[in-house]
Amino acid sequence: PFPPEIAFDAFSDLPRQPLWSPWLRSVTYVDDDEDEENATASTRPNGVGRSSRWTLRVKGLTLGWNAVATALEKPHLIEWESTSGVKNMGSVQFTFAGDDDRQCQMILTMTVVAPRALAALFRKSERIGDVFREKFLMSTLERFRDVVLKDYEDMEEEVIRGFDE
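1. Observations concerning the overall build of the protein
Phase 1 of the analysis: The secondary structure content of the protein amounts to four helices and six strands.
Phase 2 of the analysis: Starting at the N terminus, the α and β elements of the protein follow one another as α-β-α-β-β-β-β-β-α-α.
Phase 3 of the analysis: Across the protein, the fraction of contacts at a sequence separation of at least 24, relative to all contacts at a separation of at least 6, is 45%.
Phase 4 of the analysis: For the protein, the accessible area works out to roughly 10600 Å², and carbon and sulfur atoms hold 53% of it.

2. Some words on the sheet that holds strand E5 (residues 87-97)
Phase 1 of the analysis: In spatial order, the strands read E1-E2-E3-E4-E5-E6; together these six strands make up an open sheet with antiparallel pairing. Both edges of this open sheet fall to strand E1 (24-29) and strand E6 (100-113), since each of them pairs with a single strand only. On average, each strand axis in the sheet is tilted by 20° relative to the strand beside it, whichever way the strands run.
Phase 2 of the analysis: Contacts from helix H1 (residues 4-12) reach E1, strand E3 (61-73), strand E4 (77-85), E5 and E6, with the element oriented near 160° to E5.

3. Describing the side chain of Asn88
Phase 1 of the analysis: Its location among the elements puts Asn88 in strand E5.
Phase 2 of the analysis: Here the side chain of Asn88 touches Val86 through a polar contact of 3.0 Å, landing on its backbone oxygen.
Phase 3 of the analysis: Those residues in contact with Asn88 that lie beyond four places of it in its chain are Trp65, Trp80, Glu81, Ser82, Thr111 and Val112.

4. A short note on the nonpolar core
Phase 1 of the analysis: Membership of the largest hydrophobic core comes to 14 residues, with the highest contact counts inside it found for Phe2, Ala7, Phe11, Ile78, Phe94 and Phe144.
Phase 2 of the analysis: Listing elements by their share of this core, those giving two or more residues are H1, E4, E5 and helix H4 (128-164).
Phase 3 of the analysis: Sort the elements by how many residues they give to this core and H1 lands first, with four residues.
Phase 4 of the analysis: The residues contacting Phe94, other than those within four sequence positions of it, are Pro4, Ala7, Phe8, Phe11, Pro75, His76, Ile78, Cys104, Gln105 and Met106.
Phase 5 of the analysis: Counting residues in hydrophobic clusters, the runner-up holds eleven residues, among them Leu24, Trp54, Leu56 and Ala67.

Quick notes on the rules
Residues numbered from 1 in each chain as written. Predicted model: local features only at pLDDT ≥ 70, side-chain atom pairs only at ≥ 80, totals over all residues. Heavy atoms only, no water. Helix = DSSP H or I, 4+ residues; strand = E, 2+ residues; numbered from the N terminus. Contact = heavy atoms within 4.5 Å. Areas by Shrake-Rupley, 256 points an atom, 1.4 Å probe, with all protein chains shown as cover. Pairing = 2+ DSSP bridges. Axes fitted to C-alpha atoms, helices over the stretch in contact; angles between N-to-C directions. Polar contact = N/O pair within 3.5 Å; in protein donor to acceptor, adjacent residues only side chain to side chain. Core = buried A, V, L, I, M, F, W, Y, C linked by side-chain atoms within 4.5 Å. Buried < 20%, exposed > 50% of the residue type's maximum accessible area, 1.4 Å probe, protein only.

Next up, the structure:
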């Protein structure tokens, strides 16, 4: 229930990700000074190529990885891939939902190569994919919607108060 620009800005603010994903313990940007030494204007346009460090905790198991943004096309597309740790890659697309420019559709695509400890759990249960989608992914996306909606409503109230003053 908010425009793609609002969704894009929230989702691309990586340190905020743990607000809506209860399994994420932290997301931080890799030291910018270290990153800048290896960056050039062509590798870092609009944040593309910026590294981040992710820490996840599931069932007492802590997993981590570094990732890099491979595409940022505001307000419609974010793509990433891991550079170390848990191998993963994905994209999120934000499009207008029908004719309403105040609503967007979010399409999240992810590929994760599970570490051996988790892969063993996947092999033992046929339902693990369903559990991942229902418990992890859907609850995370619902929390994302709720957090961003509250921020969006607060922002609109501030704008209205500004006009009233």
